[in-house]
Amino acid sequence: MSNRPLLMIPGPIEVSDGVSDAAAEAPRSHVAPDFVEAMGGSLQAMRHVWRAGEDAQPFILAGSGSLAMDMATWNVIEPGERVVVVNTGFFSDRSVEMLHRRGAHVTQVSAEPGDAPSIDAVARALDERPTAALFATHVDTSTGVRLDAEGLCRIARERNVLTVFDGVCATGGERFEMDTWGADVYLTASQKAIGLPPGLALLVASPRALERRRALSAPPPMSLDWLEWLPVMTAYEARRPSYFATPATTLVWALRTGLDEILSADTDPGTAMDARVSAHATVAGTFRAAWRDMGLDLVPVSEALAANTLSAIRYPDGIGQELVSAIKERGVVVAPGLHPEFKDRYFRVGHMGDIITRPADISRCIDAVRDAVQATRAEL
Ligand SMILES: *Cc1c(COP(=O)(O)O)cnc(C)c1O
């Protein structure tokens, strides 16, 4: 066992040796030929990982997942427009606040924490009044609940409503077929299931989403504006350097490695992504079996709603946050609860990215939790 604790929170996460080595290299110029190749290649690889069409536009930006959320909000929504938000927890609340600051009229469709509203309930909300967009959190990191993104895309497309998915805790670990399902924006950050250090905001926009930006009556703040970034992304993809604001060159260098690792499972990108998602599902099943075995209950109310990328686990009776400290004493870092209504009643374990290829570390995490649960129970 190394002295460094094992990082099992829902982002940042353990990264592969390849990504770690790439991220440790000296910074490159943003116009260096090998950087231009890494940026151009990453943009192309994103279309494969996102399962997006050739006409969709990937963006790679220095920033956080929240920046990607703000960018989507500012480019597709006009003040005064109505937006329906499927609210499953902490990050859906953040999305609502961003939309309010943009001047949108927000209707929320919620469920009890750990549950998700039905597709029918969302459809009814869309039908109440003319709606510009449907926003949803693919996997809510505060509850471990995964939404039926395909079903949401279907009802939105039927009504010509734009869809924006926060995939920050999902992209690269959950099935998402941007092109086939007709999703309009799918966004993430580098430190979650994509498997990199924090620092990159990544999103893909459909042609419809870009049309919305072009039709806005006033441009978004300059650094959030898709139309400022579009020529930069297009240039790099054509293997020409370009500049609007300095890219995070070190992280983009590592991104190229990370995306290649994701896609390396098969020469066909669709098959590679299927393999990647099912590997996450298998590992999630291993973790859930272990929690059950320890007598622990999950926050998601059904197995079907439980994400591949993290577990949200209720504390055993009589035990609270001291369990997180006890697990840390055993060399594994997990996260406390996050949902404002009950954050002191559960904890979270991330299981996404490179960790799914490391059975010894998976066992190390499960053993640490089991041992900590037994020890804290013995003290009751
Ligand atoms: C982590 C996360 C975010 C926020 O990402 P930051 O990089 O911390 O801004 C947003 N949405 C979801 C679903 C997340 O898991």
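Residues numbered from 1 in each chain as written. Predicted model: local features only at pLDDT ≥ 70, side-chain atom pairs only at ≥ 80, totals over all residues. Heavy atoms only, no water.

## Some words on the sheet that holds strand E11 (residues 310-314)
Spatially, 3 strands are ordered E11-E14-E13 in an open sheet, and the strand pairing comes out antiparallel. Here the strands that pair on one side only, and so sit at the sheet edges, are E11 and strand E13 (335-336). By the bridge criterion, 2 bridges tie E13 to strand E14 (residues 346-350) in an arrangement that is antiparallel. Its bridge partner being in E14, Pro-336 is matched across the sheet by Phe-347. (Pairing = 2+ DSSP bridges. Helix = DSSP H or I, 4+ residues; strand = E, 2+ residues; numbered from the N terminus.)

## Concerning the nonpolar core
Within the largest apolar cluster, 100 residues are counted, with the highest numbers of intra-cluster contacts made by Trp-50, Phe-59, Leu-152 and Trp-226. In terms of residue count, the dominant contributor to this core is helix H2 (residues 33-50) (9 residues). If we ignore the near neighbours within four places in the chain, the residues touching Trp-226 are Phe-59, Met-71, Ala-72, Asn-75, Val-76, Val-185, Leu-203, Ala-205, Ala-209, Leu-210 and Arg-213. (Core = buried A, V, L, I, M, F, W, Y, C linked by side-chain atoms within 4.5 Å. Buried < 20%, exposed > 50% of the residue type's maximum accessible area, 1.4 Å probe, protein only. Contact = heavy atoms within 4.5 Å.)

## Some details on helix H10 (residues 249-263)
Over its 15 residues, H10 runs 21 Å from end to end, which matches the ideal 21 Å to within 8%, given 1.5 Å per residue. Of the surrounding secondary structure, the elements contacted by the buried residues of H10 are helix H1 (17-23), H2, strand E2 (57-62), strand E10 (200-205) and helix H11 (269-293). (Expected span 1.5 Å × (residues − 1).)

## A few points about the site of the ligand
Residues in contact with the ligand amount to 14 residues; listed here are only the nearest, Gly-65, Ser-66, Thr-141, Asp-166 and Lys-192. With respect to the ligand, the backbone of Gly-65 contributes an N or O atom lying 2.8 Å from an oxygen atom. Here an oxygen atom of the ligand sits 2.8 Å away from a polar atom, N or O, in the side chain of Gln-191. Here the ligand has 380 Å² of accessible area as a free molecule, and 87% of this is covered by the chains. The element contributing the most residues to the shell around the ligand is helix H3 (residues 65-76), with 3 residues. For the shell around the ligand, a count of residues per class yields 6 nonpolar, 6 polar and 2 charged. (Near = heavy atom within 4 Å. Polar contact = N/O pair within 3.5 Å; in protein donor to acceptor, adjacent residues only side chain to side chain. Areas by Shrake-Rupley, 256 points an atom, 1.4 Å probe, with all protein chains shown as cover. Nonpolar A, V, L, I, M, F, W, Y, C, P; charged D, E, K, R; others polar.)

## What to know about the pairing of strand E9 (residues 185-189)
Counting buried residues along E9, 5 of its 5 residues qualify, which places the element largely inside the surrounding structure. Burial along E9 is two-sided: Val-185, Leu-187 and Ala-189 and Tyr-186 and Thr-188, pointing in opposite directions, are all buried. Here strand E8 (residues 162-166) pairs with E9 via 3 bridges, running parallel. Note that in E9 the partner of Phe-165 across the bridge is Tyr-186. Pairing geometry for E9 and E10, over 5 bridges, is antiparallel. Paired with Tyr-186 across the two strands is Val-204, which belongs to E10.

## Notes on the packing of aromatic side chains
For the structure shown, the criterion picks out 11 aromatic pairs. Measuring from centroid to centroid gives 5.4 Å for Phe-165 and Phe-176, while their planes differ by 70 degrees, and the two rings are edge-to-face. Of this pair, Phe-165 sits in strand E8 while Phe-176 is found in the loop between E8 and helix H7 (178-181), placing the two residues 11 residues apart along the sequence. For the residue pair Phe-165 and Phe-176, the accessibility class agrees, reading buried in each case. Three or more aromatic residues joined by ring pairs form one cluster here, namely Trp-50, Phe-165, Phe-176, Trp-181 and Tyr-186. (Phe/Tyr/Trp six-rings, centres within 6.5 Å; stacked < 30°, edge-to-face > 60°.)

## Here's the deal with the domain arrangement of the protein
Many authors give the size of an interface as the accessible area that is lost as the parts come together. On domain assignment, one finds that the protein holds domain 1 (6-13 + 268-378) and domain 2 (18-262). Centre-to-centre separation of domain 1 and domain 2, based on C-alpha positions: 25 Å. Taken residue by residue, the interface counts 32 residues in domain 1 and 34 residues in domain 2. Summed over both partners, the interface of domain 1 with domain 2 buries about 2500 Å², with 62% contributed by carbon and sulfur atoms. When the buried area of domain 1 at its contact with domain 2 is split by residue, Met-273, Arg-276 and Leu-305 rank highest and sum to 21% of it. The interface formed by domain 1 and domain 2 holds 0 salt bridges in total. Seen at the junction of domain 1 and domain 2, the total is 14 residue pairs in polar contact (both at pLDDT 80 or more). Of all the elements in the fold, those that place two or more residues in the side of domain 1 that touches domain 2 are H11, E11 and E14. Take the side of domain 1 that touches domain 2: its biggest share by element is 8 residues, from H11. Split into classes, the residues belonging to the side of domain 1 that touches domain 2 amount to 21 nonpolar, 7 polar and 4 charged. (Domains from an automatic or database assignment. Buried area = accessible area lost by both parts, 1.4 Å probe. Salt bridge = Lys/Arg side-chain N within 4 Å of Asp/Glu carboxyl O.)

## Quick word on unusual backbone geometry
Cis geometry marks the peptide bond from Gly-11 to Pro-12; its omega dihedral reads -5 degrees. A positive phi is found at Arg-51, a non-glycine position, where the angle reads about 55 degrees. With respect to the helices, strands and loops of the structure, Arg-51 is situated in the loop between H2 and E2. Its relative accessible area of 26% is what places Arg-51 among the partly exposed residues. Phi angles above zero are rare outside glycine, and Asn-160 is one such case at about 60 degrees. Mapped onto the fold, Asn-160 is located in the loop between helix H6 (149-158) and E8.

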